[in-house]
Amino acid sequence: MRTPLTWLRRNLVVIAGLGTLAYMILPNVVVTVFSFNNPTGRFNYAWQEFSLDAWKDPCGVADMCGSLSLSLQIALWSTLAATALGTAIAFAMVRYRFRGRSAVNSLIFLPMAMPEIVMAASLLALFLNMGIQLGFWTILIAHIMFCLSFVVAAVKARVLSMDPRLEEAARDLYAGPVQTFVRVTLPIAAPGIAAGALLSFALSFDDFIITNFNSGNTVTFPMFVWGSAQRGTPVQINVIGTAMFVIAVLVVLVGQMVGNRRKKAQPK
Amino acid sequence: MTSAATDTAPPQAPASAEPPVHKPSVRKRLIPYWLLLPGILWLLVFFVLPMIYQASTSVQTGSLEEGFQVTWHFRTYWDALTEYYPQFLRSLLYAGTATALCLLLGYPLAYLIAFKAGRWRNLLLVLVIAPFFTSFLIRTLAWKTILADGGPVVAVLNSIGFLDVTSWLGMTEGDRVLATPLAVVCGLTYNFLPFMILPLYSSLERIDTRLHEAAGDLYAHPATVFRKVTFPLSMPGVVSGTLLTFIPASGDYVNAELLGSTDTRMIGNVIQSQYLRILDYPTAAALSFILMAIVLIMVTIYIRRAGTEDLV
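Everything quoted here is computed from the prediction, not taken from an experiment.

The rules we used
- Residues numbered from 1 in each chain as written.
- Chains lettered and ligands numbered in written order.
- Predicted model: local features only at pLDDT ≥ 70, side-chain atom pairs only at ≥ 80, totals over all residues.
- Heavy atoms only, no water.
- Helix = DSSP H or I, 4+ residues; strand = E, 2+ residues; numbered from the N terminus.
- Rg over C-alpha atoms; globule rule 2.2 N^0.38 Å.
- Buried < 20%, exposed > 50% of the residue type's maximum accessible area, 1.4 Å probe, protein only.
- Contact = heavy atoms within 4.5 Å.
- Areas by Shrake-Rupley, 256 points an atom, 1.4 Å probe, with all protein chains shown as cover.
- Lys, Arg positive; Asp, Glu negative; His and termini not counted.
- Charge placed at Lys NZ, Arg CZ, Asp CG, Glu CD.
- Pairing = 2+ DSSP bridges.
- Buried area = accessible area lost by both parts, 1.4 Å probe.
- Polar contact = N/O pair within 3.5 Å; in protein donor to acceptor, adjacent residues only side chain to side chain.
- Nonpolar A, V, L, I, M, F, W, Y, C, P; charged D, E, K, R; others polar.
- Phe/Tyr/Trp six-rings, centres within 6.5 Å; stacked < 30°, edge-to-face > 60°.
- Lys NZ or Arg CZ within 6 Å of the ring centre and 35° of its normal.
- Core = buried A, V, L, I, M, F, W, Y, C linked by side-chain atoms within 4.5 Å.
- Disulfide = S-S within 2.5 Å.
- Axes fitted to C-alpha atoms, helices over the stretch in contact; angles between N-to-C directions.
- Parallel < 35°, antiparallel > 145°, perpendicular 65-115°, else oblique.
- Left-handed = near helix turned anticlockwise from the far one by under 90°.
- Salt bridge = Lys/Arg side-chain N within 4 Å of Asp/Glu carboxyl O.

## Brief notes about the overall build of chain A
Turning to step 1, where the next piece is worked out: Counting its regular elements, chain A contains 12 helices and 0 strands.
Turning to step 2, where the next piece is worked out: Whereas a compact globule of 268 residues would reach a radius of gyration of roughly 18 Å, chain A reaches 23 Å, over 25% beyond that.
Turning to step 3, where the next piece is worked out: Summarising its shape, the C-alpha atoms of chain A cover approximately 70 × 70 × 35 Å along the three principal directions.
Turning to step 4, where the next piece is worked out: Here chain A holds 268 residues, and the buried ones make up 49% of them.
Turning to step 5, where the next piece is worked out: Put simply, of all contacts in chain A between residues at least 6 apart along the chain, 72% involve residues at least 24 apart.
Turning to step 6, where the next piece is worked out: Put simply, chain A shows about 13500 Å² of open surface, and 66% of that area lies on carbon and sulfur atoms.
Turning to step 7, where the next piece is worked out: Of note, chain A has its 20 positive side-chain charges centred 14 Å away from the centre of its 11 negative side-chain charges.

## Re the pairing of strand E2 (residues 67-70) of chain B
Turning to step 1, where the next piece is worked out: For strand E1 (residues 60-63) of chain B and E2 of chain B, the ladder comprises 4 bridges, and the chain directions are antiparallel. Each bridged residue has a counterpart across the sheet, and for glycine 62 of chain B the counterpart in E2 of chain B is phenylalanine 68 of chain B.

## Topic: the interface of chain B and chain A
Turning to step 1, where the next piece is worked out: Taken together, the contact pairs 80 residues of chain B with 81 residues of chain A.
Turning to step 2, where the next piece is worked out: Taking both sides of the interface into account, the surface hidden between chain B and chain A amounts to around 7500 Å²; carbon and sulfur atoms contribute 80%.
Turning to step 3, where the next piece is worked out: Here chain B and chain A share 11 residue pairs in polar contact (both at pLDDT 80 or more) between them.
Turning to step 4, where the next piece is worked out: Tallying contributions element by element places helix H3 (residues 24-58) of chain B first for the side of chain B that touches chain A, with 21 residues.
Turning to step 5, where the next piece is worked out: Of the residues that constitute the side of chain B that touches chain A, the class distribution is 59 nonpolar, 15 polar and 6 charged.

## Focus on the packing of aromatic side chains
Turning to step 1, where the next piece is worked out: Under the defined criterion, the tally for this structure stands at 26 aromatic pairs over all chains.
Turning to step 2, where the next piece is worked out: Grouped by ring-pair contacts, the aromatic residues Phe208, Phe213 and Trp226 of chain A together with Phe68, Tyr253, Tyr275 and Tyr281 of chain B constitute a single cluster.
Turning to step 3, where the next piece is worked out: Positioned above the aromatic ring of phenylalanine 224 of chain A is the side chain of arginine 231 of chain A, whose terminal nitrogen or guanidinium carbon lies 5.9 Å from the ring centre.

## Description of the environment of serine 204 of chain A
All names here are of chain A.
Turning to step 1, where the next piece is worked out: Structurally, serine 204 is set in helix H9 (residues 177-206).
Turning to step 2, where the next piece is worked out: With relative accessibility at 3%, the residue serine 204 sits in the buried group.
Turning to step 3, where the next piece is worked out: Counting along the chain gives 129 residues from serine 204 to alanine 75, while the straight-line C-alpha distance between them is 5.1 Å.
Turning to step 4, where the next piece is worked out: Not counting chain neighbours up to four residues away, the residues in contact with serine 204 comprise Ile74, Ala75, Ser78, His143, Phe146 and Cys147.

## Notes on the environment of asparagine 191 of chain B
Residue and element names in this part refer to chain B.
Turning to step 1, where the next piece is worked out: Counting through the fold element by element, asparagine 191 comes out in helix H9 (residues 181-205).
Turning to step 2, where the next piece is worked out: Relative accessible area serves as the criterion here: at 9%, asparagine 191 is assigned to the buried category.
Turning to step 3, where the next piece is worked out: Along the sequence, asparagine 191 and tyrosine 219 sit 28 residues apart, while their C-alpha atoms lie 40 Å from each other.
Turning to step 4, where the next piece is worked out: Setting aside residues up to four positions removed in sequence, asparagine 191 forms contacts with Phe136, Arg139, Thr140 and Asn255.

## Describing the nonpolar core
Turning to step 1, where the next piece is worked out: With 154 residues, the main nonpolar core has Phe208 and Phe213 of chain A together with Tyr275 of chain B as its most contacted residues.
Turning to step 2, where the next piece is worked out: Counting 5 residues, the second-largest nonpolar core is a separate cluster that includes Val249 and Val252 of chain A together with Val126 and Ala130 of chain B.

## Re the state of the cysteines
Turning to step 1, where the next piece is worked out: Per the stated rule, a full pass over the model turns up 1 disulfide over all chains.
Turning to step 2, where the next piece is worked out: Between the sulfur atoms of cysteine 59 of chain A and its disulfide partner cysteine 65 of chain A the distance amounts to 1.9 Å. Negative torsions about the S-S bond denote left-handed disulfides, and the value of about -95° found for cysteine 59 of chain A with cysteine 65 of chain A makes this one left-handed.
Turning to step 3, where the next piece is worked out: Looking at cysteine 59 of chain A, the relative accessible area reads 47%, which means it is partly exposed.
Turning to step 4, where the next piece is worked out: Cysteine 186 of chain B takes part in no disulfide bond, and the closest cysteine sulfur to it belongs to cysteine 102 of chain B, at a distance of 10 Å.

## Section: the packing of helix H6 (residues 116-130) of chain A against helix H7 (residues 136-160) of chain A
Residue and element names in this part refer to chain A.
Turning to step 1, where the next piece is worked out: The interhelical angle for the contact between H6 and H7, taken along N-to-C directions, is 135°, at an axis separation of 12 Å. Between H6 and H7, the crossing angle belongs to the class labelled oblique. Regarding H6 and H7, the two cross each other, and that crossing is right-handed. Contacts between H6 and H7 involve Met119, Leu123 and Phe127 from the former and Thr138, Ile141, Ala142 and Met145 from the latter.
Turning to step 2, where the next piece is worked out: Residues belonging to the contact of H6 with H7 are distributed by class as follows: 6 nonpolar, 1 polar and no charged.

## As for the environment of tyrosine 94 of chain B
Residues and elements named next belong to chain B.
Turning to step 1, where the next piece is worked out: Inspection of the secondary structure puts tyrosine 94 in helix H4 (residues 75-116).
Turning to step 2, where the next piece is worked out: The spacing of tyrosine 94 and alanine 249 is 155 residues in sequence and 8.0 Å in space, taken between C-alpha atoms.
Turning to step 3, where the next piece is worked out: The residues contacting tyrosine 94, other than those within four sequence positions of it, are Pro181, Val184, Val185, Leu188, Asp263, Thr264 and Met266.

## Comments concerning the pattern of salt bridges
All names here are of chain A.
Turning to step 1, where the next piece is worked out: Scanning all chains against the criterion turns up 6 salt bridges over all chains.
Turning to step 2, where the next piece is worked out: We note a salt bridge from arginine 95 to glutamate 167, for which the minimum N-O separation is 2.9 Å. Residue arginine 95 is located in helix H4 (residues 64-95), and its partner glutamate 167 is located in helix H8 (residues 164-172); the two are separated by 72 residues in the primary sequence.
Turning to step 3, where the next piece is worked out: Looking at arginine 95, the relative accessible area reads 33%, which means it is partly exposed.
Turning to step 4, where the next piece is worked out: Given the relative accessible area of 5%, glutamate 167 is considered buried.
Turning to step 5, where the next piece is worked out: A salt bridge links arginine 165 to aspartate 163; the shortest N-O distance between them is 2.9 Å.

So far we have only geometry, and geometry alone does not tell us how the molecule works.
Pasting the structure below:
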């Protein structure tokens, strides 16, 4: 009787951790399984029978793929803008000492330390007061705003850990400031910038609360899912959800493999 | 912020027209401001200015037909607070419970990935991050299937007596889970777990494992090692993880809407319906400011207590 108990106690952390992982993965499993369902009613909440129909015709639902492509466009543009603006801020914050630095620091920190709904509502107050038409542009503006802080945080972490002597060495070898930046600084900072960009793409693509307030009649993919929760969820939503999960896992795994190979190629 | 804006005011054009031989130091000193300018301007216009507009909205009176006017009607705040304090309390209770559960569930997994995973570490990290990329609304809807009445999960919870405990706590009613506080807390916990696990993992990963060995050599029991060495060293992760979980959870309305009922409405649901359905903008603005104030005050006290400065 003692051995199973000791074994349990030894592996308590592993068991609890894997339990949490199961809790985290369970909805994804359900989404995947129910993408092969053939529901009878409007709602895809109960298992009926196996069917490949939704996978054969993922865009068979009116407006869904349109909302998907809109979300991808918004995520792409806001990622580009937020990454450019955020990287510049991160470099300024790490590399320079200037007046108003702590004020800038808290201005960047605040959007992350505030419930999303407060920002969503205040942006709506601005747009309403100024009489700005809600739609694509207001969504884009909002997404750039909240992605910015996360990019700054990600890039800052990387730039902070950079060895400034590498850039000094480049300058000693008569590289100009532009050359130093492009050939030395940027490649070293790239993983941080990539992490920030990936994070802001995911945040923008998945954002619901801020978009819900500032989209007007424009329907992004999360808005489409939200609406379908009331009207009846088509199976195709599960197909998209499954595809997103698989693509995300593949992208991250490939990224890590490339990273590992680089690490191996570099002699220490 | 203001000093950054005024210091960038000196025009750049003449400096670049002349060769910058005379005052290279001035140009150099301006570089950080030029780097900051676009991003900070964006935040000033689309983050700070909206707050000011919302502040002004909250002291307006009027109606949608006649238009709203700033009348410094501060009573809106008092009325909003007295009418909706149950939703405020509920939000803090649900968000607090979800944060505690996230810490309880997330710590073992973060610990596992940091110290015991070995070559599985990367795979486990991917599995923690991957949900970020799948629409969280789809995953939250999946909980409707999982927690369905009479489904296997509810049946198991019922047979082991779990639901008796939660009903006694007022978290469930009868043998239902959907449309109860338990379902909302379960959804909140699930949605914000990655925000707890990642900071925990990154602070645990930094711990030198030789400290564990040293503690073991000094005859410390594994539990003592955890209590005296590991946990204190992971405090920065605990603090930022709890903040990253509690803050968004307190303003969330998606879980309460999809998994709860009218009895589980949180303050986010109220703000959302005031702004987007009832169109009572002053009350909505006041509610949103009260929420912000509560969160900022709680966070400030918490950070003081926890005593960590490095959050991001």
